[in-house]
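Observations on chain architecture
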Amino acid sequence: MEVFVLPTAQQVALRAARVVVDGVRETLASGRSEPVIGLATGSSPLGLYAVLSGAVSAGEVSFERARGFALDEYVGLPAGHAESYRQVLLREVCGPLGLPADRLHVPDGSLSSEEALAAGAADYERRIAEAGGVDVQILGIGANGHLGFNEPGSALTSRTRVKRLSERTRADNARFFDSRDAVPTHCVTQGLGTVLDARRLVLVASGPGKAAAVAAAVEGPLSASCPASVLQWHADAVVVLDEAAGTGLANRDYYDASAAGL
Ligand code: GLP
């Protein structure tokens, strides 16, 4: 795992964006003409998306032939709801990055029975596999250590499925809704095993509210109690933090020395 702790939000965004752009270029160089990007929602990756949008405008990278796969989706929001992750990603990623809307894949949370949701989740796994797997997966982290919507206790080998949201997560996400009660109680999320299948992971976190979760993910035991700790199991994971999110790290000196290079 590579860990970068950087002083400004812009440096965090630039460093994380570099991982994505390098991933796209390496995918193209390997002969795969349709790079697959795993997309996270939430506030954390917004700076990264803004940098990518600038790189697209500058002609440095293109997402026209890419495919995007969302990490997760709420269950039960009406089609077209502004806070459904499909709408969020259309707004915040497809438009700014020039990723065609018909190349965006999002788990279907609108299905009404448990059986249909489970079948939809299995179909989502199939679609990722058919696309050749995820080349670069963008990640945020919940204040409770969740990854995607894999809440504490999620199996480290889990696949895409329906999960209940923790009350902590519903409270954290209430800012996007009219009230806490309006936040859905369930979601469909890629599993931790699904995330681990991506060729490269880049996790972005900022602010003091993420410090404890980041420390547990990066330096704590590999444990379902902190789902983001699965990054320790991945051979190519990059963690990009601002100073506040990095305050709980015991090995900060080592990360800074490693980031300085040979
Ligand atoms: C959300 C998403 C996650 C995201 C996390 C952190 O609910 N499902 O994918 O990483 O919670 O969100 P934020 O970046 O807004 O703090």
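Located above this text is the structure these notes cover.
Just so it is clear, the model here is predicted, and its values are computed rather than measured. (Residues numbered from 1 in each chain as written. Predicted model: local features only at pLDDT ≥ 70, side-chain atom pairs only at ≥ 80, totals over all residues. Heavy atoms only, no water.)

1. A closer look at the pairing of strand β9 (residues 200–205)
What counts is decided by this rule: Only protein chains enter the calculation, and the probe is 1.4 Å; a residue is then buried if its accessible area is under 20% of its type maximum, exposed if over 50%, and partly exposed in between. Helix and strand assignments come from DSSP, with helices taken as H or I runs of at least 4 residues and strands as E runs of at least 2, each series counted from the N terminus. Two strands pair under a simple rule: DSSP has to find at least two bridges between them.
Summarising burial for β9: six of the six residues are buried, a large majority. In terms of strand pairing, strand β6 (residues 136–139) meets β9 through four bridges, oriented parallel. Residue pairing in the sheet places Leu139 in a bridge with Leu203 of β9. Pairing geometry for β9 and strand β10 (residues 237–242), over five bridges, is parallel. Its bridge partner lying in β10, Ala205 is registered against Leu241.

2. A closer look at the environment of Val134
The test is simple: Note on contacts: a residue pair qualifies if any of its non-hydrogen atoms lie within 4.5 Å across the two residues.
Relative to the helices and strands, Val134 resides in the loop between α4 (114–130) and β6. Relative accessible area serves as the criterion here: at 5%, Val134 is assigned to the buried category. When the C-alpha positions of Val134 and Arg67 are compared, they lie 9.0 Å apart, and in sequence the two are 67 residues distant. Ignoring any residue separated from it by four or fewer positions in sequence, one finds Val134 in contact with Val36, Ile37, Gly38, Ile128, Ala198 and Arg199.

3. Some points on the site of the ligand
Applied cut-off: By convention in these notes, a residue is near a molecule or strand provided one of its non-hydrogen atoms lies within 4 Å of it. N or O atoms closer than or at 3.5 Å make up a polar contact, with two conditions inside protein: a donor-capable atom paired with an acceptor-capable one, and, for residues adjacent in sequence, both atoms drawn from side chains. Grid points spaced at 1 Å over the protein atoms alone were grouped into cavities, where a 1.4 Å probe fits but cannot get out, and pockets, open sets with protein on both sides within 12 Å along at least five of seven lines, with lining residues defined by an atom within 4 Å of a point. Pocket occupancy is defined atom-wise: a molecule lies in a cavity or pocket when more than half of its atoms are within 2 Å of its grid points. All residues other than Ala, Val, Leu, Ile, Met, Phe, Trp, Tyr, Cys, Pro, Asp, Glu, Lys and Arg, Gly among them, are scored as polar; the first ten of these are nonpolar and the last four charged.
Close to the ligand lie 14 residues, the nearest being Ser43, Ser44, Asn173, Arg175 and Lys210. One nitrogen or oxygen atom from the side chain of Arg175 is found 2.8 Å from an oxygen atom belonging to the ligand. More than half of the atoms of the ligand fall within 2 Å of the grid points belonging to the largest pocket. The class makeup of the residues in the shell around the ligand is four nonpolar, seven polar and three charged.

4. Considerations on the sheet that holds strand β7 (residues 161–164)
The criterion, for reference: Helix axes are fitted only over the stretch in contact, all axes being lines through C-alpha atoms; the angle between N-to-C directions runs from 0 to 180 degrees.
Across the sheet, three strands lie side by side as β4-β8-β7; this open sheet has antiparallel pairing. Looking at strand neighbours, the two that pair on one side only are β4 (72–74) and β7, the edges of this open sheet. Averaged over all pairs of adjacent strands, the angle between strand axes in this sheet comes to 30 degrees, irrespective of strand direction. Bridge count between β4 and strand β8 (residues 186–189): three bridges; the pairing is antiparallel. Each bridged residue has a counterpart across the sheet, and for Asp72 the counterpart in β8 is Thr189.

5. A look at the sheet that holds strand β1 (residues 2–6)
Within the open sheet, the seven strands sit side by side as β1-β10-β9-β6-β2-β3-β5. Their pairing is parallel. The open sheet is flanked by β1 and β5 (104–105), the only strands paired with a single partner. With two bridges connecting them, strand β2 (residues 36–39) and β6 associate as parallel partners. Considered in β6, the bridge of Gly38 is made with Gln137.

6. Points about the layout of surface pockets
So the rule is basically this: Grid points are joined across faces, edges and corners, and a volume is the space filled by probe spheres set on the points.
Estimates place the volume of the largest pocket at around 410 Å³. Across the lining of the largest pocket, the residue classes tally to eight nonpolar, eleven polar and four charged. Roughly 200 Å³ of internal volume is contained in the second largest pocket. What lines the second largest pocket is a set of 14 residues, among which Glu73, Arg86, Asp108, Gly109 and Ser110 lie closest to the centre. Elements with a minimum of two residues in the lining of the second largest pocket: β4 and α3 (85–97). Looking at side-chain class alone, the lining of the second largest pocket contains six nonpolar, five polar and three charged residues.

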